[in-house]
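# Working through the structure, step by step
Letter by letter, the chains look like this.
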Amino acid sequence: MSNSEDYNQLADKLDEEADALSERGDRVDEHIGEVREDFKRKRADPNVPGATAEWDEPDEDDDSDGDDNGDDQDEDEDEDEDD
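What this report covers is the structure whose coordinates are included nearby. (Residues numbered from 1 in each chain as written. Predicted model: local features only at pLDDT ≥ 70, side-chain atom pairs only at ≥ 80, totals over all residues. Heavy atoms only, no water.)

## Concerning the pattern of salt bridges
Where we set the bar: Just to be clear on terms, a salt bridge is a Lys or Arg side-chain nitrogen sitting within 4 Å of an Asp or Glu carboxyl oxygen. For helices the rule is a DSSP run of H or I covering at least 4 residues; for strands it is a run of E covering at least 2, with both sets numbered from the N terminus onward. Only protein chains enter the calculation, and the probe is 1.4 Å; a residue is then buried if its accessible area is under 20% of its type maximum, exposed if over 50%, and partly exposed in between.
With the rule as written, the count across this model stands at 3 salt bridges. A salt bridge links Asp-38 to Arg-41; the nearest nitrogen and oxygen atoms lie 3.5 Å apart. With Asp-38 and Arg-41 both in helix H1 (residues 3-44), this residue pair falls 3 residues apart, about one helical turn. Taking relative accessible area as the criterion, Asp-38 reaches 29% and is therefore assigned partly exposed. Given the relative accessible area of 53%, Arg-41 is considered exposed. Residue Asp-38 is joined to Lys-42 by a salt bridge in which the shortest nitrogen-to-oxygen separation is 3.1 Å. Separated by 4 residues within a single helix, Asp-38 and Lys-42 lie in helix H1, roughly one turn from each other. Take Lys-42: its relative accessible area is 36%, and that puts it in the partly exposed class. Several salt bridges share partner residues, and in doing so they unite Asp-38, Arg-41 and Lys-42 into one network.

Structure, rendered in structure tokens:
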């Protein structure tokens, strides 16, 4: 098999993976919309605890998810390891 054929097969495989990821992304977007609508209904119901109407919705264009997974180590910790 030639390099050209290998590259074409790889390109086809990557196109298929990109399509699959796009479809999964669309499903996630749909799920997010359903969850938002459900939460809005719950906020409108005073019998649902914790879903108050005063709750602030995050901005649509805000990419921060508030998740602090500890990726940002303190520089002092790195220096202690060198000792």
